[in-house]
Amino acid sequence: MTDKPANMMWGGRFAMSPAEIMQEINASIGFDHRLAPQDIRASKAHAAMLADAGIITKADAKEISKGLHVVLAEIEAGTFKFSRALEDVHMNVESRLKDLIGAAAGRLHTARSRNDQVATDFRLYVRDQIDGIDAALAEVQRALATKAETHAATVMPGFTHLQPAQPVTFGHHLLAFVEMLSRDRGRFQDARARLNESPLGSAALAGTSFPIDRHQTAAALGFDKPMNNSLDGVSDRDFALETLAAATISAIHFSRLAEEIVIWMTPQFGFVTMSDKFTTGSSIMPQKRNPDAAELSRAKVGRIAGAFQSLAMVMKGLPLAYSKDMQEDKEVTFDALESFKLVIAAMAGMIGDLEPVPDAMRAAAGRGYSTATDLADWLVRELKMPFRDAHHVTGAIVKAAEAKSLDLQAVPLADMQQIEPRITKAVFSVLSVENSVKSRTSYGGTAPQNVLKMARAWIKRLEKERAKG
């Protein structure tokens, strides 16, 4: 492949090569080489359209397509030599194509610019990433729902302010993350729908005088339609920002789950165990089993959120249409989406690997007077007491239990009756954690029958999605 300095690629306007530092700051091949498959795919569609429109000959289009096929094969085989002097993936591919087929390669760039070329490649790349991410998120949902089905009745404490609040089930807790990931998938799907318009044919910014068929190239590349405005076509990066925003929100959800895994694995909680597959030891403390996979997943959100912020700052002050600042869009996006996919894979593995410790969960669920709300509800239901009065009475009973270091269900009936004489022994039927969770039968509540039904509904839905492909 010919190694020409970048300025030499632009023909007669430049007489000298760029300064070394200019080449250093200008070159993007170090990261945009990963756009090669999308670049070649778009170039094939463009060449076919040019031939159909009579802008280039069918013979040239055939040679271009064959040459691009060879270039892609070389890239996939790892034998293609990317040149930094050629600046970016587009010029590297075009230069190699010229080596292979000669002058016909120069006809490929008719009626397009690097501006609409990179905008098209980048959209195709982000779209491909979204499709892979959606499938991976569905697998995590399936792992969570399957474990929730198994543990629909496994009692654990529910927390607010990280203080014991009310008993829930482990399955119910896991299904909360299934719902979060469902919203995440919806955001990615929304982003995909909006990005699925083709900028190809916008050329540098004003369109082209050649009689191109933008609808043909859009359809060939799987886009819904061409973008309506050529200025917008080359200058829009909303699709990357929106995808990074969706990745950031989803990474935050995974970070919250990772945080809980870290807490649950501490000896003070002891709610779950994980095998050697997703834990590490200590260089000095032989007893340690550290949840490093969870901790690293928790940390990755910084890189992903940082990428969104970085691109937002690049775009915030740019006039239309294209500015070289926009070269900074890809590296952060590539890194963020690769990091996010790594988080998804790690979390999927951890979910499959972790096992709850039901006895520890059950014991913790009964601490901290977590069935106090059940007592208040019983007072309202059986004694027709206004809830605020029931809240006050229950608080007084909890205070009496604390004074004697008793669990709520161990408080003698006589002690309760000193506070509210109408309380009967029937109150004890609602003070166990098992009865507490069984009573939460409202839609979306933690009752095991609810959890089992919802887990199975999610599994069925996800299996149906998988069958559709």
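What you see is a predicted model, and the numbers here were worked out from it, not measured in a lab.

Some points on the overall build of the protein
Within the protein one finds 18 helices and six strands. Rg of the C-alpha trace for the protein: 30 Å, well past the compact-globule value of 23 Å for 469 residues, more than 25% over. Counting only C-alpha atoms and orienting by the principal axes, one finds that the protein spans roughly 100 × 50 × 40 Å. Long-range pairs, those at least 24 residues apart, make up 75% of the contacts in the protein between residues at least 6 apart in sequence.

Remarks on unusual backbone geometry
Put simply, L320 and A321 share a cis peptide bond, and its omega is 10°. Tracing the backbone shows A321 in the loop between α11 (292-315) and α12 (328-353). Within the chain, S405 stands out as a residue other than glycine whose phi angle is a positive 55°. On the secondary structure map, S405 appears in the loop between α15 (387-403) and α16 (413-419).

Focus: the pattern of salt bridges
Enumeration according to the criterion identifies 32 salt bridges in this entry. Ionic pairing is found between D276 and R289, a salt bridge with its closest N-O pair at 2.6 Å. On the criterion of sequence distance, the pair formed by D276 in the loop between β5 (272-273) and α11 and R289 in the loop between β5 and α11 is long-range, its members being 13 residues apart. Because the salt bridges share partners, they merge into one network encompassing E87, D88, R114 and K324.

As for the environment of Y369
Its location among the elements puts Y369 in the loop between α13 (358-365) and α14 (372-383). Taking relative accessible area as the criterion, Y369 reaches 18% and is therefore assigned buried. The spatial distance from the C-alpha of Y369 to the C-alpha of K288 is 32 Å, given a sequence separation of 81 residues. Excluding its chain neighbours within four sequence positions, the residues that come into contact with Y369 are V398, A401, E402, L406, D407 and L408.

Section: the pairing of strand β2 (residues 163-169)
For strand β1 (residues 155-160) and β2, the ladder comprises six bridges, and the chain directions are antiparallel. Across the sheet, F159 pairs through a bridge with P164, a residue of β2. Counting the residues that bridge the hairpin from β1 to β2 gives two residues, and of these H161 lies at a positive phi of roughly 60°.

Here we look at the nonpolar core
Membership of the largest hydrophobic core comes to 96 residues, with the highest contact counts inside it found for F254 and F340. When residues in this core are grouped by element, the largest group, 14 residues, is from helix α10 (residues 238-265). L383, V411, V430 and L431 belong to the second largest nonpolar core, which has 20 residues in total.

What counts and what doesn't
Residues numbered from 1 in each chain as written. Predicted model: local features only at pLDDT ≥ 70, side-chain atom pairs only at ≥ 80, totals over all residues. Heavy atoms only, no water. Helix = DSSP H or I, 4+ residues; strand = E, 2+ residues; numbered from the N terminus. Rg over C-alpha atoms; globule rule 2.2 N^0.38 Å. Contact = heavy atoms within 4.5 Å. Salt bridge = Lys/Arg side-chain N within 4 Å of Asp/Glu carboxyl O. Buried < 20%, exposed > 50% of the residue type's maximum accessible area, 1.4 Å probe, protein only. Pairing = 2+ DSSP bridges. Core = buried A, V, L, I, M, F, W, Y, C linked by side-chain atoms within 4.5 Å.

It is worth stressing that arrangement in space is one thing and function is another; only the former is reported here.
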